Amino acid sequence: MFKAVFLQVGATILAALIAGLITGARGALSAALGGAACVLPNLLFALRLSAVSKRPAASYPLAFFVGEFLKIASTVGLLATVQFVYPDVHWLALFIGLVVALKANLFAFLVKS
């Protein structure tokens, strides 16, 4: 699971660099914030699941679904916070950074451990 989070970090950095080349610093920061809104909750979710995996198996499904709900809610909350903290956000770059970070998980199975 941490492999997927590291892929998301790399994809977010790449998206921010490309957005920076195209739209400047404003786009780079917006893409980085969009990716971070996905990466941070996923990192916390991975840490939580690794801690829960040491407990009895009966509690694992509940912890997974509660953690998944909190992950989605925190992603939405972080995106809303970006609007208030950085009002000059470049929305297309933010959206691209978010989507790239979300889709980086699809390539996690291709990377050999």
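Residues numbered from 1 in each chain as written. Predicted model: local features only at pLDDT ≥ 70, side-chain atom pairs only at ≥ 80, totals over all residues. Heavy atoms only, no water.

One pass over the structure, following the stated rule, counts two salt bridges. Its salt-bridge partner being arginine 26, residue aspartate 88 comes within 3.5 Å of it at the nearest N-O pair. Here aspartate 88, found in the loop between helix H3 (60-85) and helix H4 (91-103), pairs with arginine 26, found in helix H2 (residues 25-52); they are 62 residues apart in sequence, far enough to count as distant. When its relative accessible area of 45% is taken as the criterion, aspartate 88 is described as partly exposed. With a shortest N-O distance of 3.3 Å, lysine 71 and glutamate 68 are connected by a salt bridge. (Salt bridge = Lys/Arg side-chain N within 4 Å of Asp/Glu carboxyl O. Helix = DSSP H or I, 4+ residues; strand = E, 2+ residues; numbered from the N terminus. Buried < 20%, exposed > 50% of the residue type's maximum accessible area, 1.4 Å probe, protein only.)

The subject of this paragraph is H4. Taking 1.5 Å of rise per residue, 13 residues should cover 18 Å, and H4 covers 18 Å from first to last C-alpha, within 8% of that figure. Of all the residues in H4, the buried ones are Ala93, Leu94, Gly97, Leu98 and Ala101. Along the long axis of H4, the arc covered by the buried residues comes to 135°, so they all point the same way. Structurally, H4 contributes buried residues whose contacts are with helix H1 (2-23), H2 and H3. (Expected span 1.5 Å × (residues − 1). Arc of directions from axis to C-beta. Contact = heavy atoms within 4.5 Å.)

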